[in-house]
Number of protein chains: 2
Amino acid sequence: MLIRLSQLFFRTLREDPVDAEVASHRLLVRAGYIRRAAPGIYSWLPLGLRVLAKVELVVREEMAAAGAQEVHFPALLPREPYEATGRWTEYGPNIFRLKDRKGGDYLLAPTHEEMFTLLVKDLYSSYKDLPLALYQIQTKYRDEARPRAGLIRGREFIMKDAYSFDIDDEGLAASYQSQRDAYERIFGRLGLEYVIVAATSGAMGGSRSEEFLTPTAIGEDTFVRSPGGYAANVEAVTTVVPDAIPFDDAPAAHVEDTPDTPTIDTLVAVANERFARPDRPWAAADTLKNVVLALVHPTGERELLVVGLPGDREVDLKRLEAAVAPAEVEAAGDADFAAHPELVRGYLGPGAVGPNVLVADGAERTAVRYLLDPRVVAGTRWITGANEHGKHVFDLVAGRDFTADGTVEAAEVRAGDPAPDGSGPLELARGIEIGHIFALGRKYAQALGLTVLDQNGKAQVVTMGSYGVGVTRVLAALAEANNDERGLAWPAHVAPAHVHVVATGKDPAVFEAADALATELSSRGIEVLYDDRPGRVSPGVKFADAELLGVPLVVVVGRGLAEGVVEVRPRVGGTTEQVPVAQAADRVAALVAELLAG
Amino acid sequence: MLIRLSQLFFRTLREDPVDAEVASHRLLVRAGYIRRAAPGIYSWLPLGLRVLAKVELVVREEMAAAGAQEVHFPALLPREPYEATGRWTEYGPNIFRLKDRKGGDYLLAPTHEEMFTLLVKDLYSSYKDLPLALYQIQTKYRDEARPRAGLIRGREFIMKDAYSFDIDDEGLAASYQSQRDAYERIFGRLGLEYVIVAATSGAMGGSRSEEFLTPTAIGEDTFVRSPGGYAANVEAVTTVVPDAIPFDDAPAAHVEDTPDTPTIDTLVAVANERFARPDRPWAAADTLKNVVLALVHPTGERELLVVGLPGDREVDLKRLEAAVAPAEVEAAGDADFAAHPELVRGYLGPGAVGPNVLVADGAERTAVRYLLDPRVVAGTRWITGANEHGKHVFDLVAGRDFTADGTVEAAEVRAGDPAPDGSGPLELARGIEIGHIFALGRKYAQALGLTVLDQNGKAQVVTMGSYGVGVTRVLAALAEANNDERGLAWPAHVAPAHVHVVATGKDPAVFEAADALATELSSRGIEVLYDDRPGRVSPGVKFADAELLGVPLVVVVGRGLAEGVVEVRPRVGGTTEQVPVAQAADRVAALVAELLAG
């Protein structure tokens, strides 16, 4: 393969695009790999398409190695199957919906569990047909509220989605493991660092789920790790619950005037000033903060919710959303407080919410739902709002003085928190989700009637798994992990070419020699990008473009030719070599082989 | 490549799907290549995907040979570019439109002229960058009123769309020819018979357009050919206009009572009975039929139209639609006639329509638009409606007694009609449109501001071409052209495999020998489908499946093995050979090489 830059449809930009927040987005646009067509929607230029094809090839090969067969579904799908599983509604505003000319409801599929389930139901009917694994590499759609970071969170993107079908739980476990292994091979071959973390299943449903994250500071996902090997998406971290505390000897709760203490800080200051306790000063952790939020259910229904948690922790909205999925979470507004005068801003306590509100027998319950952080176990004593402006209550004991409608994992996870499995203190890091695997179980098969006959001729609901790789996102993650201030620096396996040959100056002999070298390399199966642009394009521009494009090996044919040498330099690290022209092809081929092997 | 049927995700059907009208649809579903997901929307199973990949490969190779570079655009696109060229409206109900969560207007692109134009505008600015040819293989959407015939007229389908960009007309002519040549090579390599016919440009605009049709009785498109080599889509045929006839000596028009003659047949019968002329009987061709139709403009506006044409010809709605594009044509209804009492059903004549209606000076014109068949030249004499129930007018002379708002190519083309270029009588045939090429000219570049600087530094609007191949439709056309009563019969180049090895019976030695042969063939680079399903699947089922799937060479390992032979038979024609096991691989390899060469 030999691509001449004089013929290639590309243009590099010296300036960053104004909307680009992260390096991958900035550089993929500047180097002419992609262009924005609409928010979160991109067009692919020839070089971008080459990298994409290489990523897809690795995915295809490893899917085949895992015994998964490729199929391909439409992106435009009718409502009915998604209605049957509830996802038409559950996805809320996150899917694109449309009507055809006859008024029929359609969607642009965000993922294809329903269609795979129905296809297997259409074709198969016996346990002998299982296990089965199918996959597709396909364009997906998601109407993200905030598309960002170029390809990392887009609204039209390419996914590899695989699905497994088994007769029993052991089968599912094996299928899940097979895909998990394939993912390790895929990311390993792509040279993409990854962490496998426990995850929540969200709107997908199912019993077990893990995410593959590639660590990067610009990642949208926060994950935790412990020295003992625990790893989880922050949404999936469960709080280590302390033991309950006996409270028989606890003093009675007492309400105190605490004017001008609408925040935890002001409250703690006043408490220490006016209600100091002998053993140690009051701290934020002694206060119970009650945060008013609104859940927006997929039906559009809006429900107020109060979350009670230790005052030294914030509510993590992503953790709360994972806990209340498929509902989304919004801040409560003035209208909400106006509708609920019992929610006294800044002085809200448990007494005004949840089961602590006395409701007359038989009366319709109107109290706002109240959920507590799991740390608020029976016997813990709190300073908290007295539901009256300027007043707080002290020594309010959980389980004696108040209770709740349940617990919720909504508090932020902090570095140093204990791992739920006892494997030590957690550390936090950020990453990009590049893969997500789910043991779905029987949710979809049940909803859509996918059964097969077992050995005894009895119909059994099939158990399924679903396994996604964000193909375009993986490409962005590779760009994010492989760049420097001068441009992209692709790993050899996914680079748009192996070698970038630059001819500089205006001497026809240089162009002849460069052309001969490029042709020779190409004839040996090496992929060559050859900058044959005429002399009016300066060497500086050519070098800058070579570094921006990021092909792993750069060969310069220029002034050195007079002395019979060309310059060979790796895009990253390594040293520049002066190689005699006659040996250039051999030397470059050897270096390419090293890069591909390494 | 070796695919074992025991592992392959497929299922053959003995019954035709109820909605399948044509062989390709019926057999692709029955053989387990595709499945219907919604009207005009299909899912691809593993075997179908393999054929599709082979068709795409041929297209990609020939695009590369034509110097076109591959890019890839989103399917989901914002309204604005399509608004700028007018196509957002012109496509009427034929495109899928939707809104995103912020209320922005989007469409699922039916074709990408606008986006390619904008991308080239983004990247290029000089005549030195041209000529340029780009293409993509991409999923397209069209909300067809009547999706039909499986993949032949779908709502989600795959197209190769290429676009050329040139500085001047000569450049466009060369680019057009280059794509035209590539199309000939593509269809030639695929072994798909094709005819290139002149076509109309429709909503695409442009100066020149040709269609590639593959002749088949089930085709939706009618085309014409002459002995002298003229070929055109029936929509593009222009009528040979006779010379005007002097009418100074023509008798005056006279109205006659013709009760109960609402049709041409009844009119001709009464005319011959009561108004016989000496030289020859009246015929339908002597009457002028005036047909009331309604145009529906893309804006939704409805406009009545009367078409006058010789009574021996019908209005061809597809020809009329091509002539009035982007408007669509509907039959006029009772409400239309009620609103226009001057249109006397069955007795309508020119006097009631178009410029023949006397309109008071300065009055707003309200007469229905009247268009004539080009054969109705000045001096032709007609029997036609007198605009009064039960009356016709005789000797009404065109150009003397009536005129029209213009002419229109709306009459049906009939076998025997003269070719417009004088190359002899036309014959009619039907075909499937598999490619369409357009010399677009400057319409899109003008609308979207794509200019480049010429050699004198002056901005020049770029001239474009657009070139489409219906990839999924080509696959269906191949299936349509290559089947018999037993199933599909793929040409070797696009078949999902080269050889179909069948092991019959339950003898383990048979399966061992078949497995060894399949493995050996596969190791030689031959693509093998191996029916290794266990003995409970009868030989009859296996043979029927082999013929349904349509792989070009079938090898049966079965009872003959006891005598040391396997049976080798081509799917189509040829004779069955008994080949000694030891020579089987060589013989099969030779036959495959022949098939691929031939």
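A quick note: this is a predicted structure, and the numbers were derived from the prediction, not measured. (Residues numbered from 1 in each chain as written. Chains lettered and ligands numbered in written order. Predicted model: local features only at pLDDT ≥ 70, side-chain atom pairs only at ≥ 80, totals over all residues. Heavy atoms only, no water.)

### Topic: the overall build of chain A
Within chain A, the secondary structure is distributed over 14 helices and 32 strands. Of all 598 residues assigned to chain A, the portion counted as buried reaches 56%. In chain A, of all internal contacts separated by at least 6 residues, the share reaching a separation of at least 24 is 69%. For chain A, the computed accessible surface area is about 23,700 Å², with 51% contributed by carbon and sulfur atoms. (Helix = DSSP H or I, 4+ residues; strand = E, 2+ residues; numbered from the N terminus. Buried < 20%, exposed > 50% of the residue type's maximum accessible area, 1.4 Å probe, protein only. Contact = heavy atoms within 4.5 Å. Areas by Shrake-Rupley, 256 points an atom, 1.4 Å probe, with all protein chains shown as cover.)

### Comments concerning the packing of helix α2 (residues 46-65) of chain B against helix α6 (residues 169-189) of chain B
Residues and elements named next belong to chain B. α6 packs onto α2 with a crossing angle of 150° between their chain directions and a minimal axis gap of 9 Å. Viewed along their axes, α2 and α6 adopt a mutual orientation that is roughly antiparallel. Relative to α6, α2 is oriented so that their crossing is right-handed. Contacts between α2 and α6 involve V58, V59, E61, E62, M63 and A65 from the former and Q179, A182, Y183, R185, I186 and R189 from the latter. Broken down by class, the residue content of the contact of α2 with α6 amounts to seven nonpolar, one polar and four charged. (Axes fitted to C-alpha atoms, helices over the stretch in contact; angles between N-to-C directions. Parallel < 35°, antiparallel > 145°, perpendicular 65-115°, else oblique. Left-handed = near helix turned anticlockwise from the far one by under 90°. Nonpolar A, V, L, I, M, F, W, Y, C, P; charged D, E, K, R; others polar.)

### Digging into the confidence of the model for chain A
Mean pLDDT over chain A works out to 94, with 98% of the residues at or above the 70 mark. ipTM for the predicted complex: 0.90, alongside a pTM of 0.90. (pLDDT = per-residue confidence, 0-100.)

### Some points on the sheet that holds strand β30 (residues 553-557) of chain B
All names here are of chain B. Spatially, the six strands line up as an open sheet ordered β1-β29-β28-β30-β31-β32, and their pairing is mixed. Looking at strand neighbours, the two that pair on one side only are β1 (2-4) and β32 (577-580), the edges of this open sheet. Each neighbouring strand pair of the sheet contributes to a mean axis angle of 25°, computed without reference to strand direction. Strand direction decides the pairing type here: β30 and strand β31 (residues 565-570), joined by four bridges, are antiparallel. Each residue of the ladder has a partner; that of L553, found in β31, is P570. In this fold helix α12 (residues 508-523) packs onto β1, β28 (499-503), β29 (528-531) and β30, with an angle of close to 170° to the strand it touches most, β29. (Pairing = 2+ DSSP bridges.)

### Digging into the packing of aromatic side chains
Under the definition given, this model contains 24 aromatic pairs over all chains. Taking the centre distance of 5.6 Å and the plane angle of 45° together, the rings of F187(B) and F212(B) count as tilted. Highlighted residues: F187(B) in helix α6 and F212(B) in strand β11 (residues 208-215), separated in sequence by 25 residues. Both residues of the pair, F187(B) and F212(B), belong to the buried class. Through a chain of ring-to-ring contacts, three or more aromatic side chains come together here, namely Y183(A), F187(A), Y194(A) and F212(A). The residue whose ring lies beneath R97(A) is W88(A), and the NZ or CZ to ring-centre distance is 5.0 Å. (Phe/Tyr/Trp six-rings, centres within 6.5 Å; stacked < 30°, edge-to-face > 60°. Lys NZ or Arg CZ within 6 Å of the ring centre and 35° of its normal.)

### Topic: the sheet that holds strand β15 (residues 288-296) of chain A
Strand pairs in the sheet, formed through backbone hydrogen bonds, run parallel or antiparallel to each other. Residues and elements named next belong to chain A. Judged by pairing direction, the sheet is mixed, and its five strands sit side by side in the order β17-β15-β16-β18-β21 without closing on themselves. Of all the strands in the sheet, the pair left with one neighbour each is β17 (328-331) and β21 (406-407). Looking at chain direction, strand β16 (residues 302-310) and strand β18 (residues 369-372) are connected through four bridges and run parallel. Of the residues in β18, the one forming a bridge with V306 is Y370. Helix α8 (residues 317-324) rests against β15, β16 and β17 of the sheet, and its axis sits at about 135° to β17.

### Structural notes on the interface of chain B and chain A
On the side of chain A, 54 residues touch chain B, which itself brings 54 residues to the contact. Where chain B abuts chain A, roughly 4,500 Å² becomes buried across the two surfaces, and 60% of that area is made up of carbon and sulfur atoms. On the chain B side of the interface with chain A, the three residues burying the most area are F9(B), R101(B) and L123(B), jointly 19% of the side's total. Connecting chain B to chain A are four salt bridges. Residue D100(B) is joined to R155(A) by a salt bridge in which the shortest nitrogen-to-oxygen separation is 2.9 Å. Where chain B packs against chain A, one counts 25 residue pairs in polar contact (both at pLDDT 80 or more). Tallying contributions element by element places helix α5 (residues 113-123) of chain B first for the side of chain B that touches chain A, with five residues. Of the residues contributing to the side of chain B that touches chain A, the split by class is 33 nonpolar, five polar and 16 charged. (Buried area = accessible area lost by both parts, 1.4 Å probe. Salt bridge = Lys/Arg side-chain N within 4 Å of Asp/Glu carboxyl O. Polar contact = N/O pair within 3.5 Å; in protein donor to acceptor, adjacent residues only side chain to side chain.)

### Looking at the domain arrangement of chain A
Split by domain assignment, chain A resolves into domain 1 (46-237 + 427-472), domain 2 (254-407) and domain 3 (497-597). On a C-alpha basis, the centroid separation for the pair domain 2 of chain A and domain 3 of chain A is 67 Å. (Domains from an automatic or database assignment.)

### Quick look at α8(A)
All names here are of chain A. All buried positions along α8 are accounted for by R319, L320 and V324. Seen along its axis, α8 keeps its buried residues to an arc of 125°; they face one direction. Packed against the buried residues of α8 are β15, β16 and β17. In this structure D316 caps α8, since a side-chain oxygen of it lies 2.9 Å from the backbone nitrogen of K318. (Arc of directions from axis to C-beta.)

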